[in-house]
Amino acid sequence: SQELEQSPQSLIVQEGKNLTINCTSSKTLYGLYWYKQKYGEGLIFLMMLQKGGEEKSHEKITAKLDEKKQQSSLHITASQPSHAGIYLCGADDQAGTALIFGKGTTLSVSS
Amino acid sequence: DTAVSQTPKYLVTQMGNDKSIKCEQNLGHDTMYWYKQDSKKFLKIMFSYNNKELIINETVPNRFSPKSPDKAHLNLHINSLELGDSAVYFCASSQEGGAGYNEQFFGPGTRLTVL
């Protein structure tokens, strides 16, 4: 079965610093999804990547999918306290019927 | 306007009880899901359901059963609750699109505590 490995598990950065979160799949990805979760809340969709080499940006967050479609990275530029939360990468399961998630990266931003 | 809503937000109950969590989506989506997030924040699919097919994760005990009165609702019934059922349960929905087109919208979660 497919597994997603996220790194780092947790991250503390100073406000204004850049950071990167990685997501590695044991199998080729058909769709890779990034979500953010704040404590006590649901998941907020950030971005979806489908094609090898694809890159998408929204505000200060950029997500990339490598050419082989097995690794994705999420980069935050000039981090702010509002970026704090748990970042989860998800991928379609083999049948395309549900998402498999990594174990998440907890981001804390100190001001 | 809430896209995917769940009730209750918190549920505290005794071992052995039967409980239900309700989920509603107003997005017109074809497929709904239940996920379980454990204490280590690991999110795992329990069920996916559209009006044609129920797909069950084989690791889910048969004490858990989804019930869909209509396309906009997918409720989760849990019988004979156990301590290990304590977790946050998330409902989600998506437009049926297959692999690579499966953006899912999540509800706020229901934190279940079994005493």
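Basis of the calculations
Residues numbered from 1 in each chain as written. Chains lettered and ligands numbered in written order. Predicted model: local features only at pLDDT ≥ 70, side-chain atom pairs only at ≥ 80, totals over all residues. Heavy atoms only, no water. Helix = DSSP H or I, 4+ residues; strand = E, 2+ residues; numbered from the N terminus. Rg over C-alpha atoms; globule rule 2.2 N^0.38 Å. Buried < 20%, exposed > 50% of the residue type's maximum accessible area, 1.4 Å probe, protein only. Contact = heavy atoms within 4.5 Å. Areas by Shrake-Rupley, 256 points an atom, 1.4 Å probe, with all protein chains shown as cover. Lys, Arg positive; Asp, Glu negative; His and termini not counted. Charge placed at Lys NZ, Arg CZ, Asp CG, Glu CD. Pairing = 2+ DSSP bridges. Axes fitted to C-alpha atoms, helices over the stretch in contact; angles between N-to-C directions. Buried area = accessible area lost by both parts, 1.4 Å probe. Salt bridge = Lys/Arg side-chain N within 4 Å of Asp/Glu carboxyl O. Nonpolar A, V, L, I, M, F, W, Y, C, P; charged D, E, K, R; others polar. Core = buried A, V, L, I, M, F, W, Y, C linked by side-chain atoms within 4.5 Å.

(A) How the structure looks around the overall build of chain A. From N to C terminus, chain A includes 0 helices and 11 strands. Ordered by position from the N terminus, the helices and strands of chain A form the series β-β-β-β-β-β-β-β-β-β-β. Relative to its length of 111 residues, chain A is compact, with a C-alpha radius of gyration of 13 Å against a globular reference of 13 Å. Classification of the 111 residues of chain A by burial places 48% in the buried group. For chain A, long-range pairs separated by at least 24 residues make up 53% of all intrachain contacts whose partners lie at least 6 apart in sequence. Total accessible area on chain A stands at roughly 5500 Å², and carbon and sulfur atoms take up 47% of it. The positive charge centre, built from 11 side chains, and the negative charge centre, built from 11, are 3 Å apart in chain A.

(B) Up close: the sheet that holds strand 7 (residues 61–65) of chain A. All names here are of chain A. The strand order across the open sheet formed by 5 strands is 1-3-8-7-6, and the pairing between neighbours is antiparallel. On the outer flanks of this sheet lie strand 1 (4–7) and strand 6 (55–58), each paired with one strand and no other. Geometrically, the sheet is characterised by an average inter-axis angle of 15° between neighbouring strands, direction not taken into account. As defined by bridge partners, strand 3 (residues 19–25) adjoins strand 8 (residues 71–76) across 6 bridges and the pair is classed as antiparallel. Across the sheet, the residue bridging to Ile21 is Leu74, located in strand 8.

(C) The interface of chain B and chain A, seen in detail. Between chain B and chain A, the residue contacts involve 23 residues of the former and 23 residues of the latter. Both sides of the chain B and chain A interface together cover about 1800 Å² of buried area, and 57% of this is carbon and sulfur. One can count 0 salt bridges joining chain B with chain A. Listed by contribution, the elements that provide at least two residues to the side of chain B that touches chain A are strand 4 (31–37) and strand 5 (43–49) of chain B. Broken down by class, the residue content of the side of chain B that touches chain A amounts to 11 nonpolar, 7 polar and 5 charged.

(D) Summary view of the nonpolar core. Within the largest apolar cluster, 21 residues are counted, with the highest numbers of intra-cluster contacts made by Leu32, Trp34, Leu74, Tyr87 and Leu107 of chain A. Broken down by secondary-structure element, the contributors of at least two residues to this core are strand 3, strand 4 (32–37), strand 5 (43–49), strand 7, strand 8, strand 9 (85–92) and strand 11 (105–110) of chain A. Counting 19 residues, the second-largest nonpolar core is a separate cluster that includes Leu11, Met32, Trp34 and Ala87 of chain B.

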